[in-house]
Amino acid sequence: VEPQVVHDALNCGYIPVVSTVALGIDNDTAYNINADTAAAKLAEALHAEKLILLTDVRGLLRDPKDEETLIHVVPHLRGAGPGGRRAPSPGGMIPKMECCVDAIAGGVERVHILDGRIPHSILIELLSDEGIGTMLQKEE
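Calculation notes
- Residues numbered from 1 in each chain as written.
- Predicted model: local features only at pLDDT ≥ 70, side-chain atom pairs only at ≥ 80, totals over all residues.
- Heavy atoms only, no water.
- Helix = DSSP H or I, 4+ residues; strand = E, 2+ residues; numbered from the N terminus.
- Buried < 20%, exposed > 50% of the residue type's maximum accessible area, 1.4 Å probe, protein only.
- Contact = heavy atoms within 4.5 Å.
- Polar contact = N/O pair within 3.5 Å; in protein donor to acceptor, adjacent residues only side chain to side chain.

Engineer: Before we go on, may I ask you to explain the environment of I122 in this structure?
Structural biologist: You can see I122 is positioned in helix α4 (residues 121-127). We classify I122 as partly exposed; its relative accessible area is 33%. When the C-alpha positions of I122 and G133 are compared, they lie 9.1 Å apart, and in sequence the two are eleven residues distant. Residues within four places of I122 in sequence aside, it is in contact with I52, L54 and L114.

Below you can see the structure in the form of structure tokens.
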């Protein structure tokens, strides 16, 4: 990840939009890169304090079939990898949770998973005590 182009865009007053389609080494093949992975790696490279992932689910659920089982906070994560603790993650959330844990291991303080279908979900998550999605946070 080369964050300089993002820094340059921000310094010029632009809001960067990052595509997750990239050319291979041969410049002949385009690859679809997982957007969560790209966002997590970019957040690490930018030394971001916070990463917010918008998705079509409320967040991490204890029971994927029951939205009332939302886990609001996954606290005190250690780094990913052999010595680290992985967050619990059912079904299709596994790749997303792995990216979140890796972002925390890479220095991001907090990662939020929010349902982008809910109006004002970012504001509700960031400005309320309980929040509306799932927040992962770095070990203190």
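Engineer: Looking at this structure, how should I read helix α2 (residues 35-45)?
Structural biologist: Quick reminder: α-helices carry 3.6 residues per turn. Residues three or four places apart thus point the same way. When α2 is considered as a whole, its buried residues turn out to be D36, A40, L42, A43 and E44. The N-capping residue of α2, defined by a side-chain oxygen 2.8 Å from the backbone nitrogen of D36, is N34. Residue H47 follows α2 closely and has a positive phi angle near 55 degrees.

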